[in-house]
Amino acid sequence: MAEDSDLERTEAPSSRRLEQAREEGQVPRSREIGAFLVLVVAAGSFWFVGPWMMQRTAGIMRQGLIIDERMVREPQLMLTRFADLSLDALLSFGPLIVGLVLAALISPFFLGSWNFSVKALSPDLGRLDPVKGISRLISWSGLAELVKSIAKALLIGGVAIWVLWRGREDMVALFGQPIEAGLSSAGQLVVASFLMMVMAMLLIVAIDVPFQLWQHYDKLKMTKEEVKQENKEMEGSPEVKSRIRQLQREAARRRMMGAVPTADVIVTNPTHFAVALAYKSGMAAPKVLAKGAGEIARKIREIGAEHGVPMLEAAPLARALYRHAEIDQEIPSTLYAAVAEVLAYVYQLSKWRQAGGNYPQPPREIAVPAELVPEAA
């Protein structure tokens, strides 16, 4: 049962899954939005510039019906006149054509945006498989498209029949009207018909868009195993993550060792721990430049010895600094007094190296709060 549940697509698609689907050309689409926008633009065009287009059309028809004797004798003139009338017709219906093209172009933005996918254009012989084609036809999505098409045809057809029946007397009356009046009346009938179509299409769009969105995301649902695999790919395999952490530690260690020569003093355990401290002008408190135990502590001491960094053996303080202080951070305030004794010794040692005199004695009993020493915790 657990294996069956892992194979069921019950998980919502991840952002990565949606992006991959988009790259493959799989985006939610609704043909009804495009048809609806085309009808809206057409109705708007007829509403606002319809009379102007009808006047231009009437003029074109009037010129086209004029018989000129010269054209009978010279057919070339007839071709020229036909070209002129065609250009006038194109200019007359130009606003409508431009509006329809823009409507077709912006319709994808209502469900996202334009999507250009090279993968969707690549040849796929699997699409020619008749078995898969039949399976798509008899699938739930195919059945839903069939039901939607039938419902749309019934709705649009019913509206068209109702409009025609309602305006039957006006359409018959067109034959008895002059050209200009007839075209004006025909334009009004066309606008009314388009408005009815738009209202019908609005109902179809309101149903189709949520359905297309649900169907798109339902197809992209993932199984629990796919989610686990994707998370694993995103986060990386344990081996890769372990290698990355190792490289990060090595880089941090190199940076830490590079800072040891700039330290003012190295506090040692003497062999198990080593902490390099620095206190420069402008610092609010001494800062830890490097720390380590075992082999790292030995390396810190070696680098410090090569560069002449003073070393002080203070086991409790070294253990406390190693446990409670962080690299590139200031030391805890509870250790200010103890570290101040160490820095005072370093200052005296520096003066001795410059001026000579009595060799300064290193502090022996540095007071460290017992709760900060690991062995005392």
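For every chain, the first residue of its written sequence is number 1, and the numbers climb from 1 along that sequence. Only residues with pLDDT of at least 70 get local features here, since the model is predicted, and only at 80 or more are side-chain atom pairs given and counted; chain-wide, interface and lining totals rely on the full set of residues. As a rule here, side-chain values come from all non-hydrogen atoms in the structure, and water together with hydrogens is ignored.

Caption draft 1: Broad picture of the overall build of the protein. Secondary structure elements are defined from DSSP: runs of H or I of at least 4 residues count as helices, runs of E of at least 2 residues count as strands, and each element is numbered from the N terminus. Scanning the protein from terminus to terminus reveals 16 helices and six strands. Here the protein holds 377 residues, and the buried ones make up 31% of them. Residues count as neighbours in contact if any of their non-hydrogen atoms are within 4.5 Å of one another. In the protein, the share of contacts with a sequence separation of at least 24, taken over all contacts with a separation of at least 6, comes to 73%. Accessible areas in this description were obtained via Shrake-Rupley with a 1.4 Å probe; residue shielding takes into account the shown protein chains only. With an accessible surface of roughly 24800 Å², the protein has 63% of that area assigned to carbon and sulfur atoms. Think of it in three bands: with a 1.4 Å probe and only protein chains considered, a residue is buried below 20% of the maximum accessible area for its type, exposed above 50%, and partly exposed in between.

Caption draft 2: Expanded view of the pairing of strand S4 (residues 273-278). A large share of S4 lies buried, amounting to six of its six residues. A two-sided burial pattern is seen for S4, the buried positions comprising Phe273, Val275 and Leu277 on one face and Ala274, Ala276 and Ala278 on the other. Two strands pair when backbone bridges link them, and strand S3 (residues 265-268) and S4 are joined in this way by four bridges, in the antiparallel orientation. Residue pairing for S4: Val267 is matched across the bridge by Val275. Between S3 and S4, which pair antiparallel one after the other, the connecting turn spans four residues. What makes two strands pair is DSSP finding at least two bridges between them. Pairing of S4 with strand S5 (residues 287-293) involves six bridges; the strand directions are antiparallel. Pairing of Val275 across the sheet is with Lys291, part of S5.

Caption draft 3: Broad picture of the sheet that holds S4. Taken in spatial order, the four strands line up as S5-S4-S3-S6 in an open sheet, and their pairing is mixed. At either margin of the open sheet sits one strand with a lone partner, and together these are S5 and strand S6 (311-313). Across this sheet, the average inter-strand angle for adjacent strands is 20°, counted without regard to direction. In this description, a line fitted to the C-alpha atoms serves as the axis of each element, helices being fitted only across the stretch in contact, and the angle between N-to-C directions of two axes falls anywhere from 0 to 180 degrees. The strands that helix H14 (residues 295-306) touches are S3, S4, S5 and S6; relative to S5, the one it contacts most, it runs at about 130°. Relative to the sheet, helix H15 (residues 315-324) contacts S3, S4, S5 and S6, its axis offset from that of S4 by approximately 80°.

Caption draft 4: Inspection of the pattern of salt bridges at higher detail. In the sections that follow, a salt bridge refers to a side-chain nitrogen of Lys or Arg positioned within 4 Å of a carboxyl oxygen of Asp or Glu. Tallying each qualifying case throughout the model produces three salt bridges. For the salt bridge of Lys280 with Asp264, the shortest nitrogen-to-oxygen distance reads 3.0 Å. With a gap of 16 residues between them, Lys280 in the loop between S4 and S5 and Asp264 in the loop between helix H13 (238-259) and S3 connect regions that are remote in the sequence. Since its relative accessible area comes to 38%, Lys280 is described here as partly exposed. Linking Arg298 and Glu295 is a salt bridge whose minimum nitrogen-to-oxygen distance equals 2.1 Å. Taken together, the residues Arg298 and Glu295, both in helix H14 and three residues apart, mark about one turn of the helix. Taking the relative accessible area as the measure of exposure, Arg298 reaches 31% and is therefore partly exposed. When salt bridges with common partners are traced through the structure, they connect Glu295, Arg298 and Glu302 into a single cluster.

Caption draft 5: Representation of the environment of Gly167 within the structure. Inspection of the secondary structure assignment puts Gly167 in the loop between helix H9 (140-166) and helix H10 (168-173). Judged by its relative accessible area of 8%, Gly167 falls in the buried class. When the C-alpha positions of Gly167 and Leu189 are compared, they lie 7.6 Å apart, and in sequence the two are 22 residues distant.

Caption draft 6: Molecular detail of the nonpolar core. Counting 26 residues, the largest nonpolar core has Leu277, Leu317 and Leu321 as its most contacted members. Contributions of two or more residues to this core are made by S3, S4, H15 and helix H16 (336-355). Looking at this core, the element that brings in the most residues is H16, giving seven residues. The contacts of Leu277, once residues within four sequence positions are left out, are Ala263, Asp264, Val265, Val267, Lys287, Val288, Leu321, Ile331 and Val339. One finds Val260, Ala274, Ala278 and Ala290 within the second-largest nonpolar core, a separate group that totals 15 residues. To define a nonpolar core, start from buried Ala, Val, Leu, Ile, Met, Phe, Trp, Tyr and Cys residues and group those joined through side-chain atoms within 4.5 Å.

Caption draft 7: Fine view of the environment of Leu174. Mapping Leu174 onto the fold places it in the loop between H10 and helix H11 (179-219). C-alpha of Leu174 to C-alpha of Ala186: the two residues are twelve residues apart in sequence and 7.3 Å apart in space.

Caption draft 8: View of the packing of aromatic side chains. Two rings belonging to Phe, Tyr or Trp (six-membered ring only in the last case) form a pair when the distance between their centres is within 6.5 Å. Interplanar angles under 30 degrees mark stacking, angles over 60 mark edge-to-face geometry, and anything in between is tilted. Inspection of every chain in the model, using the stated rule, returns one aromatic pair. Between Phe273 and Tyr322, the aromatic rings sit 4.8 Å apart at their centres with planes inclined by 50°, giving tilted as the arrangement. Of this pair, Phe273 sits in strand S4 while Tyr322 sits in helix H15, and the two are 49 residues apart along the sequence. Under the relative-accessibility criterion, Tyr322 is labelled partly exposed at 29%. Criterion for a charge above a ring: Arg CZ or Lys NZ at most 6 Å from the ring centre, at most 35 degrees from the ring normal. The ring of Tyr322 carries the charged tip of Lys291 above its face, separated from the ring centre by 5.3 Å.

Caption draft 9: Spatial organisation of helix H6 (residues 94-106). Taking 1.5 Å per residue as the helical rise, H6 with its 13 residues ought to reach 18 Å, and the 18 Å between its terminal C-alpha atoms agrees with that figure. If you check which residues of H6 are buried, you get Gly94, Leu96, Gly99 and Ala103. Expected helix span is taken as 1.5 Å per residue step, with the number of steps being one fewer than the number of residues.

Caption draft 10: Unusual backbone geometry, seen in detail. One non-glycine residue with positive phi stands out, namely Asp328, at about 65°. Here Asp328 lies in the loop between H15 and H16.

Limitation: the analysis is restricted to geometry and does not speak to function.
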